[in-house]
Structures are given as structure tokens and as C-alpha cells.
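# Per-entry structural report
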Amino acid sequence: MHHNTRDEQHEQQGRHEHHEHHGDDGRQADHTGHAGHSAHAGHTAHAPGKTGWSMAARATLHCLTGCAIGEILGMVIGTALGWGNAETMVLAIILAFTFGYTLTLRSILKAGVDFRTAFRVALAADTLSIAVMELIDNGVIALWPGAMDAQLADALFWGALALSLAVAFAVTTPVNKWMIGRGKGHAVAHRYHH
């Protein structure tokens, strides 16, 4: 038969009270693992899913610039040559992808990356973003009454184009935020911008 000394009883009671003090739900609270959590507190900005809207907006604006150049050039060329709507739209989409990829490719090549690697990075960074932007952009123009038949001198041509690009930007920014937050899309190209 073992009898606890007064000091041993006091120590056990103190430990019990300590757990009751920290364990609000009645379970024993184990705080030994919290030291590691505080060390990682500063990394939340880089963690997947923590991408800021400003970074996503900058990525989308970069993409929008290339798309807008391609779209406008395609529409101008197609309209000036008297092409039909379908041909003009196809040309505009091809040029939008071309200019979108070119802008990203140029910035990655500046970082000293070889062309083949830079091209793969540009494809990974921009394909979904440009595709979404083009789908929304051309969808708005196709659905806008009279926009497909507007000429370069018409205010409707430029108004529909400006609004379609603005809507495409608004829709594509959350897509880019989601992609970057998962280390995809412009996050791939961002590694080469330092």
C-alpha cells in the first residue's frame, strides 16, 4: 500500500488544476505543440489559398493587356479587310493568345531562362486565364445587339469592346486568384520575376 506524501499530493493537484484551467471543454489541454505553430505564423501570406486580390488583379491586367492588343488588332484587321464576323473573331482570338503569351514570354526571358523553358512557363501561366478572358470577352460582344456588325468608326464597336474587356477582367480576376493560390497560373511565372 502506497501513501502519497503531502508534497506529492500537492504536485498532482497542481497539475490537475493546470489542465482544468487551460482545457475549457473538460479535456486535458496539451499546449506543447503550439511553439511550432507560432514559428509558422509569418508564412500565411505565402500559403496556398492566401493570395491577395491585388496580385490576382495584376496578373489579370497583364493578361488583359495582351488580350486587348490581340483583340483590337484582330478586329481592326478583320473589319478593314471586310471579313465576316466568324473569321474576324477567330483572328482576334488567335492574336489575343499570341500577344498574351508574348508579354509573359518576354518577361521570363529577361530573367535569363532559355526559350523552351520560358515558352512552357508562359503556356502554364496564361492558358486558362486567356481562355476565360476570351470566352467572356467574345461572349459579351456576340450577345450585344449590333456589336458584331459595328464598324471601326462606330462608337458601338469601341464601347462594346471596352465593356467586354472590363467584364472579362472582372470574371478572370477570381479565376487567377484561385489559380495563384494553388501555385498554378501566374504563380508559375512569378518565380521568374525576382
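Because the structure is predicted, anything quoted here is derived from the model rather than measured.

### Remarks on the overall build of the protein
- Scanning the protein from terminus to terminus reveals seven helices and zero strands.
- Listing each helix as α and each strand as β along the protein from the N terminus yields α-α-α-α-α-α-α.
- Out of the 194 residues in the protein, the part that is buried amounts to 33%.
- Counting only contacts in the protein whose residues sit at least 6 apart along the sequence, the fraction spanning at least 24 positions is 66%.
- Carbon together with sulfur atoms contributes 63% to the accessible area of the protein, which is approximately 12,100 Å² in total.

### Things to note about the nonpolar core
- Grouped together as the largest cluster of nonpolar side chains are 24 residues, with contacts concentrated most on Cys67 and Met133.
- Only α3 (53-80), α4 (85-110), α5 (115-143) and α6 (155-181) provide two or more residues apiece to this core.
- The dominant element in this core, judged by the number of residues it contributes, is α5, at six residues.
- The contacts of Met133, once residues within four sequence positions are left out, are Thr60, Cys63, Leu64, Cys67, Ala168, Phe169 and Thr172.

### Here's the deal with the packing of aromatic side chains
- Within this structure, the stated rule accounts for three aromatic pairs.
- Centre to centre, the rings of Phe157 and Trp158 are 4.8 Å apart; their planes meet at 80°, and the pair counts as edge-to-face.
- With a relative accessible area of 7%, Phe157 lands in the buried category.
- Stacked on the ring of Trp53, the Lys or Arg Lys177 has its end atom at 5.0 Å from the ring centre.

### Details of α6
- Counted at 1.5 Å a residue, the expected span for α6 with its 27 residues is 39 Å, and the 39 Å between its end C-alpha atoms agrees.
- Buried within α6 we find Phe157, Ala160, Leu161, Ser164, Leu165, Ala168, Thr172, Thr173, Asn176, Met179, Ile180 and Gly181.
- One or two positions beyond α6, positive phi appears at Gly183, with a value near 75°.

### Things to note about the state of the cysteines
- Going through the model one piece at a time under the given rule, you end up with zero disulfides.
- The thiol of Cys63 is not disulfide-bonded; the next cysteine sulfur, from Cys67, is found 4.4 Å away.

### Things to note about a nonpolar patch on the surface
- A cluster of nonpolar side chains, contributed by Leu73, Ile77, Leu81 and Trp83, occupies part of the molecular surface with about 350 Å² of accessible area.
- As for its position among the elements, Leu73 is in helix α3.

### Notes on the environment of Ser107
- Position of Ser107 among the secondary structure elements: in helix α4.
- Sequence separation between Ser107 and Ala118 is eleven residues, and the spatial gap between their C-alpha atoms is 9.0 Å.

### So, α3
- An ideal rise of 1.5 Å per residue puts 40 Å on 28 residues; α3 measures up with 39 Å between its terminal C-alpha atoms.
- Looking one or two residues beyond α3, the residue adopting positive phi is Gly82, at roughly 75°.

### What about the confidence of the model for the protein?
- Considering every residue of the protein, the mean pLDDT works out to 75; 68% of them sit at 70 or more.
- Of all helices and strands in the protein, the one with the weakest mean pLDDT is helix α2 (residues 34-39) (39), whereas α4 scores best (91).

Calculation rules
- Residues numbered from 1 in each chain as written.
- Predicted model: local features only at pLDDT ≥ 70, side-chain atom pairs only at ≥ 80, totals over all residues.
- Heavy atoms only, no water.
- Helix = DSSP H or I, 4+ residues; strand = E, 2+ residues; numbered from the N terminus.
- Buried < 20%, exposed > 50% of the residue type's maximum accessible area, 1.4 Å probe, protein only.
- Contact = heavy atoms within 4.5 Å.
- Areas by Shrake-Rupley, 256 points an atom, 1.4 Å probe, with all protein chains shown as cover.
- Core = buried A, V, L, I, M, F, W, Y, C linked by side-chain atoms within 4.5 Å.
- Phe/Tyr/Trp six-rings, centres within 6.5 Å; stacked < 30°, edge-to-face > 60°.
- Lys NZ or Arg CZ within 6 Å of the ring centre and 35° of its normal.
- Expected span 1.5 Å × (residues − 1).
- Disulfide = S-S within 2.5 Å.
- Patch = residues over 30% accessible without salt bridge, like charges linked within 9 Å, V, L, I, M, F, W, Y side chains within 5 Å.
- Salt bridge = Lys/Arg side-chain N within 4 Å of Asp/Glu carboxyl O.
- pLDDT = per-residue confidence, 0-100.

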